[in-house]
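Examination of the molecular architecture
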Amino acid sequence: MQKISIKYLFHLTLIFILTTTSCKQKQSKNNIIEDETNSQKTATLEYKINSKLGEGALWNYKTQEFYWVDIEGKTLNIYNPKTKTNKVIKTPSRVGTVVPYTKQQAVVALEDGIYKINLENGDLKQISNVESDITENRFNDGKCDPKGNLWVGSMHLKESLPNANLYKVEPNGVTTKMVDSVTISNGIVWSKDTKKMYYIDTPSKSIKSYDYDIETSTISNEKIAVNIPESLGYPDGMTIDENDTLWVGLWNGNAVAQFDPKTGELISKIEVPAHNVTACAFGGENLDILYITTSTNDMTEEERKKYPLAGSIFKCKPGVKGVTAFFFGEAIR
């Protein structure tokens, strides 16, 4: 009886080990599948349009509309996801970015300075003529800081020399150079606690971090937060989510990438059916939809055939929420 009991016990133990191992393997496989699902998603078409250089993505949470610009098409666009309509306002020169101001006005960066633009008739009123005399540059991306100042950067038209700058434009028009020796000024965001600012100069293939002083609206202590390998593409426009992770459009990268600025690690990617992904912004009533702008510029014939929807607006629900955008002239409370 004793030998039978031991043998029986041995078989039970063996079965238990095999069953447990099998369960762990299945659980491990499931975790891998879940991780893959969470780490990589695909954006879908939201609005089909053949824009030349879609940029300046921003969600106006007050009107529930998506603001964006076509730089080379010289248009400011206001897209309404509920009606699937896109209002087009023509600009007299290339428009680098847009930020909301009032119900009737927005602020845009044109080639010869910063302007208030009437959203009904397109009338312009200049706020700052900064860089109006520097013909080898034009303005590119920009966003408002927590104090309602517009931080907007220029870029070298030939994209080869660090002759451009990042400026702070106050609501009264006072303009201050904040960063110099820039080649292509791009994405800029602030952390949830307003203590950090993140900024992209595209050819540097990195995201820089700064300490931001909300009392003085100044920056200090420049560091590299994220280094982006060339295999991913070039960092372009950027937004930030409620967890302070960064979402970056990848030029020549077919994707939006999510980075942790504290560790520098790539967290996830959203594949986009366009070769040049330029900018993104969280929108929707719950700020849980990522709207993405793209471009038809700098594409070969083969790429145009492969990505016929390039230039359109795309969207994705990445599983996190964004934060509300800052308005020009409106400080956070």
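Our subject in this report is the structure included herewith. Keep in mind the model is a prediction, meaning the values are calculated, not measured. (Residues numbered from 1 in each chain as written. Predicted model: local features only at pLDDT ≥ 70, side-chain atom pairs only at ≥ 80, totals over all residues. Heavy atoms only, no water.)

Considering the nonpolar core
- Residues Leu 76, Val 108, Ile 114, Leu 119 and Leu 150 are the most contacted members of the largest nonpolar core, which totals 30 residues.
- Those elements that place two or more of their residues in this core are β4 (65-70), β5 (75-80), β7 (98-100), β8 (105-110), β9 (113-118), β11 (137-144), β12 (150-156) and β13 (164-169).
- Ranked by residue count, the leading element in this core is β8, at five residues.
- When residues no more than four places from it in sequence are discounted, the contact partners of Val 108 are Leu 76, Val 95, Thr 97, Val 98, Gly 113, Ile 114, Tyr 115, Ile 117 and Leu 124.
- In this structure, Val 272, Ala 274, Tyr 307 and Val 320 belong to the second largest nonpolar core, which totals 17 residues. (Core = buried A, V, L, I, M, F, W, Y, C linked by side-chain atoms within 4.5 Å. Buried < 20%, exposed > 50% of the residue type's maximum accessible area, 1.4 Å probe, protein only. Helix = DSSP H or I, 4+ residues; strand = E, 2+ residues; numbered from the N terminus. Contact = heavy atoms within 4.5 Å.)

Digging into the sheet that holds strand β24 (residues 289-295)
- Across the sheet, which stays open at both edges, the four strands sit in the order β2-β25-β24-β23 with antiparallel pairing between neighbours. The open sheet terminates on both sides in strands that have one partner only, identified here as β2 (44-47) and β23 (276-283). On average, each strand axis in the sheet is inclined to that of its neighbour by 35°, with strand direction left out of account.
- Bridge count between β24 and strand β25 (residues 313-316): three bridges; the pairing is antiparallel. Along β25, the bridge assignment pairs Leu 290 with Cys 316. (Pairing = 2+ DSSP bridges. Axes fitted to C-alpha atoms, helices over the stretch in contact; angles between N-to-C directions.)

Comments concerning the pairing of strand β19 (residues 234-240)
- Summarising burial for β19: six of the seven residues are buried, a large majority.
- With five bridges connecting them, β19 and strand β20 (residues 246-251) associate as antiparallel partners. Bridge assignment links Met 238 to a residue of β20, and that residue is Val 248.

With respect to the environment of Glu 271
- Counting through the fold element by element, Glu 271 comes out in strand β22 (residues 265-271).
- What makes Glu 271 partly exposed here is its relative accessible area of 22%.
- Spatially, the C-alpha atom of Glu 271 lies 6.1 Å from that of Ala 43, the residues being 228 residues apart in sequence.

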